[in-house]
Amino acid sequence: MKIKEILTEVKRIALKTPFITALRRVETIEFVRAKVLCDDGSLGIGEAPATFAITGEDIPIILSSIKSTKEKLLGKDILTSLELLHKMSIGSSAKAALDMAFVSLLINEKCQTPLEYFNIKDKRAIQTDITISLNHKEKMFADAKEALQNGMDILKVKLGSDISHAIEVTKLLSYELPSAKLLIDANQAWSLDESLKYVNAVEDLNIELIEQPVVADDLESLKIITNATKIPILADEATFTLEDVKRAYESSCADMINIKLMKCGGVTKAIEILEYAREKKIICMLGSMLEGPYSINAALYLAFAYRDVIKYVDLDSPLLYKEAPSELDFNFFKNSISIVRDKS
Ligand SMILES: [Mg+2]
């Protein structure tokens, strides 16, 4: 099986309501869909959303990165292409789109289903969180309450740079919605001092974890915060690659890591990180950007395959779509995700 053509198209999926974090506001998910066509007629599909604020890649960059790989990849077999791809100096999202397309071609080549390929034996449903966007306090409380009423009890709460607001929102949700599991995500919005003020104020509340309080490259501050609180600290923007994860683990600067296909460069790279995490007993979140159905499928197969390593699943994009797309291999019911299709 050799690669004959690599095609791209830009796709959009409207959201029910705007998604707001400390870094961005999104009303429509926009992503590049890469189609890798082989000489035997098989087709592999991958996707990469534009999250410039996080990966430094917008749609034109992803398109030109994928286009730039053609010269080296056309005519090559899939395993060689995977190896060449990960040596290229293009962004991690563009790599992830091609990587997941190649992995789906490998699955085809082996005449396996994804469940066989990923060795998924335990098919029990997994639970995802749902995002509560950054807003004024009353709106966040109303959104969180509505989520709970709809059976969603794991809340990814997006907080911003106003530390008083962050503390007030956390206290309100914790006191008024005691059954909610609160995953706090600051998306790098706080300074070290603000982070310490925050953990000090919420230390005794029922909070599952605090994600990426300070800027990505400030591992020193991250470590100080991790040591200052009993609430687990999760590294997200600080850990893109396996090397980043190793650095975080060896320096003990965080309690947990968030793995995303778009940060690490796709399924094969995520598997390397998950294997390392399994070996070192690092607790992981498997997260995503706001993504399309094929990249969510790819992440979900990993969530099922590594359920012993992945404690938190943050793959709520399909719950935010205005309309459900037909390409999903999984069924979303409340916060429960189950496998609906074991296609080859
Ligand atoms: Mg995050």
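Residues numbered from 1 in each chain as written. Predicted model: local features only at pLDDT ≥ 70, side-chain atom pairs only at ≥ 80, totals over all residues. Heavy atoms only, no water.

Asker: Sorry if this is basic, but what is going on with the coordination of the magnesium ion here?
Answerer: Note on metal geometry: ideal angles are 109.5 degrees for four donors arranged tetrahedrally and 90 or 180 degrees for six donors arranged octahedrally. Only D185 (OD), E211 (OE) and D236 (OD) from the protein reach the magnesium ion as donors, at distances of 2.1 to 2.4 Å. As a motif over one chain, the donors of the magnesium ion read D-x25-E-x24-D. Taken together, the positions of E211 in strand β8 (residues 209-211) and D236 in the loop between β9 (233-235) and α10 (242-250) put the pair 25 residues apart, joining distant regions of the chain. Comparing E211 with D236 shows no difference in burial state: the two are buried. (Donors = N, O, S within 2.8 Å, 3.2 Å for Na, K, Ca; no water. Helix = DSSP H or I, 4+ residues; strand = E, 2+ residues; numbered from the N terminus. Buried < 20%, exposed > 50% of the residue type's maximum accessible area, 1.4 Å probe, protein only.)

Asker: Sorry if this is basic, but what is going on with helix α3 (residues 78-85) here?
Answerer: An α-helical turn contains 3.6 residues, so a residue and the one three or four places further along point in the same direction. Taken together, the buried positions of α3 are occupied by I78, S81, L82 and L85. An end-on view of α3 places all buried positions within 100° of arc, on one side of the element. Counted as exposed and oriented over 90 degrees from the buried face of α3: L79 and E83. The inward-facing, buried residues of α3 contact β1 (3-20), β2 (25-38), α2 (59-73), α4 (92-109) and α12 (267-280). The backbone nitrogen of L79 lies 3.2 Å from a side-chain oxygen of the residue at the head of α3, namely D77. (Arc of directions from axis to C-beta. Contact = heavy atoms within 4.5 Å. Polar contact = N/O pair within 3.5 Å; in protein donor to acceptor, adjacent residues only side chain to side chain.)

Asker: What is the right way to read the UniProt feature "active site" (unreviewed entry) in the protein from this model?
Answerer: Mapped onto this numbering, the UniProt entry annotates "active site" (unreviewed entry) at K158 and K260. Turning to its location among the elements, K158 is positioned in strand β6 (residues 154-158). Ignoring any residue separated from it by four or fewer positions in sequence, one finds K158 in contact with F19, I20, T21, T131, I132, S133, L134, M140, D185 and N187. The exposure class of K260 is buried, given its relative accessible area of 7%. (UniProt positions renumbered as here; feature names shortened; annotations may be inferred.)

Asker: Looking at this structure, I do not really get the UniProt feature "binding site: Mg(2+)" (unreviewed entry) in the protein. What am I missing?
Answerer: Mapped onto this numbering, the UniProt entry gives "binding site: Mg(2+)" (unreviewed entry) at D185, E211 and D236. The named residues occupy 52 residues along the chain; their greatest pairwise C-alpha distance, 9.2 Å, places them in one compact cluster. Sequence-distant contacts of E211, that is, excluding residues within four places in its chain, are made with K156, I184, D185, A186, N187, L234, D236, N258 and M285. One polar contact links E211 to K156, side chain to side chain, over a distance of 3.0 Å.

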